[in-house]
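Secondary and tertiary structure notes
Below are the chains, spelled out letter by letter.
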Amino acid sequence: MGVPDARFLRMVDGLADVERAQARDYTSFSVHGKRFGYYWPRTSTVGLKQTLAEQIALVSERPEVFEVQFTAGGFGWVVVYLAKIDADELTELLYEAWRLSAPELLVEENPYPA
């Protein structure tokens, strides 16, 4: 279990129209100007946009893997510890974060792989 940082970054690269922005301590990810994720290499954690209900469910079910990052604009962001999550679940959560920010047509053109 656990997802290496490099694998997470390859997962991000697999999403359509992702824009990266590098800050001093983190990298942020956006699609068409809307932010959906963050990556902190120092702590091997990522922040992902989710629905409020999903944020609450993830954090309450497995606080050792997820923690509340913040809430904004009707969304709940979660911190994910890469060492404590499996690749399939992270792929699903990353796609969901991207989907919540991407334009509808782009989502239709890039459905979640079945």
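Residues numbered from 1 in each chain as written. Predicted model: local features only at pLDDT ≥ 70, side-chain atom pairs only at ≥ 80, totals over all residues. Heavy atoms only, no water.

1. Details of the overall build of the chain
For the record, the criterion: Each helix is a run of DSSP H or I of at least 4 residues and each strand a run of E of at least 2, with the numbering of both proceeding from the N terminus. Note on method: radius of gyration uses C-alpha positions; expected globular size equals 2.2 Å times residues raised to 0.38. Using a 1.4 Å probe on the protein chains alone, a residue whose accessible area is under 20% of its type maximum counts as buried, one over 50% counts as exposed, and one in between counts as partly exposed. Two residues form a contact once any of their heavy atoms are found within 4.5 Å. Per-residue accessibility takes into account occlusion by the displayed protein chains alone, with areas from the Shrake-Rupley method and a 1.4 Å probe. The sign given to each residue is positive for Lys and Arg and negative for Asp and Glu; His and the chain ends receive no count. Lysine's charge is taken at NZ, arginine's at CZ, aspartate's at CG and glutamate's at CD.
Looking only at helices and strands, one finds 4 helices and 6 strands in the chain. Computed over the C-alpha atoms, the radius of gyration of the chain is 13 Å, within 12% of the 13 Å expected from 2.2 N^0.38 for a compact globule of 114 residues. In terms of principal-axis extent, the alpha carbons of the chain reach across some 35 × 30 × 30 Å. A buried classification covers 41% of the 114 residues belonging to the chain. Excluding contacts between residues fewer than 6 apart, the proportion of contacts in the chain whose partners are at least 24 apart in sequence is 48%. A total accessible area of about 6300 Å² is found for the chain, and carbon and sulfur atoms account for 53% of it. Across the chain, the mean location of the 11 positive side-chain charges is 7 Å away from that of the 17 negative side-chain charges.

2. As for the packing of aromatic side chains
To describe a pair of aromatic rings, you give the distance between the ring centres and the angle between the ring planes. Our working rule: Aromatic contacts are taken between Phe, Tyr and Trp rings whose centres are within 6.5 Å, Trp giving its six-membered ring; a plane angle under 30 degrees counts as stacked, one over 60 as edge-to-face, and the others as tilted.
Tallied over the full model, the rule gives 10 aromatic pairs. A centroid spacing of 5.7 Å and a plane angle of 70° characterise the contact between Y26 and Y38, whose relative ring orientation is edge-to-face. Of this pair, Y26 sits in the loop between strand 1 (18-22) and strand 2 (27-31) while Y38 sits in strand 3 (residues 34-40); the two residues are 12 residues apart in sequence, bridging distant segments of the chain. The buried category is assigned to Y38, whose relative accessible area is 13%. Aromatic side chains Y38 and W77 sit 5.5 Å apart centroid to centroid with 55° between the ring planes, which places their arrangement in the tilted category.

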